[in-house]
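Next come the chains, spelled out residue by residue.
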Amino acid sequence: SIWPKGKMPDAQKHQIAAMTDEAGKEGFNPDKHRVAYLEWFEAPDASVRNGSCMILISGGSYQNCCDVGLIDTWHKELTKRGVQCVNFVYRTPRPVGLPIYQTAWEDGQRAVRMVRSEAAKRGFDPEKIGTISMSAGSHLALLLATSSQTPAYKPVDKIDEYPCHINWAIVNAPAYVTTDGETGIPATREGYGTDVKLSEVFKFDEKTCPMSLHHGGKDPYAPDGSTLVYRQLRRMGIPAELHLYPNKGHGAFGLECGIEFMTQMGFLGPLAEPVNIMDRFSSDADRAEHIVEDVWPEGKMPDSQPNQCKPYIEWHIPAQLKTKAIQIIYSGGSYTGNDPDGFEVAPARRYLNAMGVTVVTMKYRTPRPAGLSKHTTAWQDLQRTIRIVRSEAESRGLDPNRIGIMGSSAGGHLTLMGVTSSKHKSYYPIDDIDKLPCNVQWGIGIYPAYSLTDGAEKPNTGGGNDDSAVLVPEFSFDLDTAPMLFIHGDADGWASMNSVKTWEKMRAMGIQCELHTLALRPHCFQREASPGTGSYTWLDRIGEYLQPFIKEQ
């Protein structure tokens, strides 16, 4: 029990503290389960112990504590990684005459103090206490993470002399976060609307901690709640991750990403030495054939300028073709240069060749054209490349209607041009190839630059965090706009809000996209990365995302 006898604030006769498996047992006596409690799990093995502790918080709409399976999964996965785990069971159902979260918040602040008081005894650092949570439990975790300096109850004993802040939070599917659902219902307007805001119950005080936010794109407890929390953390300069999963409803997703977040932040011990990605993916052993061809017929290149490089594409045919889908990849370079053999392209094409995917790499025209927008000639090259690939797909045993594009930085901006604006001509047709459509079925944007108005020509001056920073006008978001995967460093000067605000726009259009931001990581996060972090496993996110597109029927 976390409260001394007779000292529990706002005790109400209808409330109990029990997980639903316990409360559902025959002979359950509610009078013996009135007080919130902590359930300590076994200590991690001494060989892996890292001095951290995680408080596990179930959801259940503040009506019960129902996530028995999640608690079991979290405890097993975290314990084997050296984390001391403790299950926190708070009072439910919702209190009468008080905010729906009030008694749970009282229990939560008291629970954190009690956990901190046990640190020396149980062998963990009192400043390495985190939470992992679900749904209403994530609403409670956000209160603990953002509002520890606001007392939820009056002190009752010496335990209350301990601070009740937490040091990090993994927040799954937080409910009641936006003002259209803060009374304890699904978001009535799905988190949309100029008058829909982040609930003011979250104070975001000076002890607000780093977070990893996880949300399904079709959750009725709106994922925009997580994007708004993420944006506020960015405004405060607090490291954070945001993981958004397309076509997923209410649930806990991406535990592996939460563990990578903890690794990156140092909560699981010192980071491993970073590894250069070109050293990890140095071989073309999974490529059977390499074909080079020009993008434009001689004398037919639109807006030709003498200072620009000649554009070309390269086909990389896998040794074992496992899908008819095709991935086009190109690099960034500020529209001043681009390298189809560099770290932004070669590792990805080798990774995908190993998966049995045909890859086409593109060298587009740079540096920036004189007298035109910075992306104009590159956009022409991309539209032409997509048409060439479509025209040759069937002859190579591939599917002309399963083509995706992927670019990094300026190449990410170019990808957004290709994904959102394929119905707009970037050049006048020159031959029969240009009669083919240049739309794609998916896009992958790796730290896209120049996507918001506060960074249209340079790094985002305001971090993309202000409402005044909106998507640049060249993205038309036409009716052929395709779904996307975004991966972005949270500390990138070409701000991660480039990706987040595009994700928000596409969700508003009914297009489900995936997004991952990576705490503490800058532009070009993948060039060198420590094993066990999201910057090291980023290609796996791409491989997972592509499965529905590359799967053969």
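It should be noted that the structure appears before, not after, this text.
Values in this document were obtained by computation on a predicted structure and should not be read as measured data.

How should the packing of helix 3 (residues 102-117) against helix 5 (residues 136-146) be read in this particular structure?
Following both chains from N to C, one finds helix 3 and helix 5 inclined at 55 degrees, their axes separated by 10 Å at the closest point. With respect to their mutual orientation, helix 3 and helix 5 come out oblique. Note that helix 3 runs across helix 5; the crossing there is right-handed. Between helix 3 and helix 5, the residues in contact are Ala 104, Trp 105, Gly 108, Gln 109 and Val 112 and Leu 140, Leu 143 and Leu 144, respectively. Residue classes in the contact of helix 3 with helix 5 are distributed as six nonpolar, two polar and no charged.

Would you mind showing me how to read unusual backbone geometry here?
Glycine aside, residues mostly have negative phi angles, and peptide bonds mostly take the trans form. Between Thr 92 and the following residue, Pro 93, the backbone shows a cis peptide bond with an omega angle of -5 degrees. Along the polypeptide, Pro 93 turns up in the loop between strand 3 (83-89) and helix 3. Omega for the bond connecting Thr 366 with Pro 367 falls within 30 degrees of zero, at 5 degrees, which places this linkage in the cis form. A positive phi angle, near 60 degrees, is found at Ser 61, a position not held by glycine. Mapped onto the elements of the fold, Ser 61 is located in the loop between strand 2 (52-57) and helix 2 (68-79). The backbone of Cys 524 shows a phi angle near 60 degrees, a positive value even though the residue is not glycine.

Help me understand the pattern of salt bridges in this model?
For side chains bearing opposite charge, pairing can occur when the charged atoms are close. What the rule picks out here adds up to 34 salt bridges. Residue Lys 80 is joined to Glu 77 by a salt bridge in which the shortest nitrogen-to-oxygen separation is 3.4 Å. When its relative accessible area of 24% is taken as the criterion, Glu 77 is described as partly exposed. Close ionic contact of Arg 91 with Asp 107 constitutes a salt bridge, the shortest N to O distance being 2.8 Å. Of this pair, Arg 91 sits in the loop between strand 3 and helix 3 while Asp 107 is found in helix 3, placing the two residues 16 residues apart along the sequence. You'll find Arg 91 and Asp 107 in the same group, each marked buried. If you follow the salt bridges from partner to partner, you end up with Asp 284, Arg 287, Arg 349 and Arg 350 in one network.

Looking at this structure, I do not really get the side chain of Ser 138. What am I missing?
Inspection of the secondary structure puts Ser 138 in helix 5. By relative accessible area, Ser 138 is classed as buried at 0%. Non-local contacts of Ser 138, meaning those with residues more than four positions away in its chain, are made with Ser 133, Val 171, Asn 172, Ala 173 and Pro 174.

I tried to follow the packing of aromatic side chains on my own but got confused; where do I start?
Any aromatic ring pair is given by two values, namely how distant the centres are and how the planes are angled relative to each other. One pass over the full model with this rule turns up 19 aromatic pairs. Residues Tyr 330 and Tyr 364 carry aromatic rings whose centres are separated by 6.3 Å and whose planes lie at 85 degrees to one another, so their mutual orientation is edge-to-face. Remark: Tyr 364 occurs in the loop between strand 12 (358-363) and helix 10 (376-393) and Tyr 330 occurs in strand 11 (residues 326-330); sequence separation between them is 34 residues. Among the residues examined, Tyr 330 registers a relative accessible area of 0% and is labelled buried. Between Tyr 545 and Phe 549 the ring centres are 5.4 Å apart and the planes differ by 50 degrees, which places this aromatic pair in the tilted class. Taken together, the residues span about one helical turn, with Tyr 545 and Phe 549 both in helix 13 (residues 538-550) at a distance of four residues. Phe 549 carries the same exposure label as Tyr 545, and that label is buried. Among the aromatic residues, those joined into a ring-pair cluster are Tyr 62, Phe 88, Tyr 90, Tyr 176 and Tyr 221. The ring of Tyr 536 carries the charged tip of Arg 280 above its face, separated from the ring centre by 3.5 Å.

Here is what the cut-offs are and how they apply
- Residues numbered from 1 in each chain as written.
- Predicted model: local features only at pLDDT ≥ 70, side-chain atom pairs only at ≥ 80, totals over all residues.
- Heavy atoms only, no water.
- Axes fitted to C-alpha atoms, helices over the stretch in contact; angles between N-to-C directions.
- Helix = DSSP H or I, 4+ residues; strand = E, 2+ residues; numbered from the N terminus.
- Parallel < 35°, antiparallel > 145°, perpendicular 65-115°, else oblique.
- Left-handed = near helix turned anticlockwise from the far one by under 90°.
- Contact = heavy atoms within 4.5 Å.
- Nonpolar A, V, L, I, M, F, W, Y, C, P; charged D, E, K, R; others polar.
- Salt bridge = Lys/Arg side-chain N within 4 Å of Asp/Glu carboxyl O.
- Buried < 20%, exposed > 50% of the residue type's maximum accessible area, 1.4 Å probe, protein only.
- Phe/Tyr/Trp six-rings, centres within 6.5 Å; stacked < 30°, edge-to-face > 60°.
- Lys NZ or Arg CZ within 6 Å of the ring centre and 35° of its normal.

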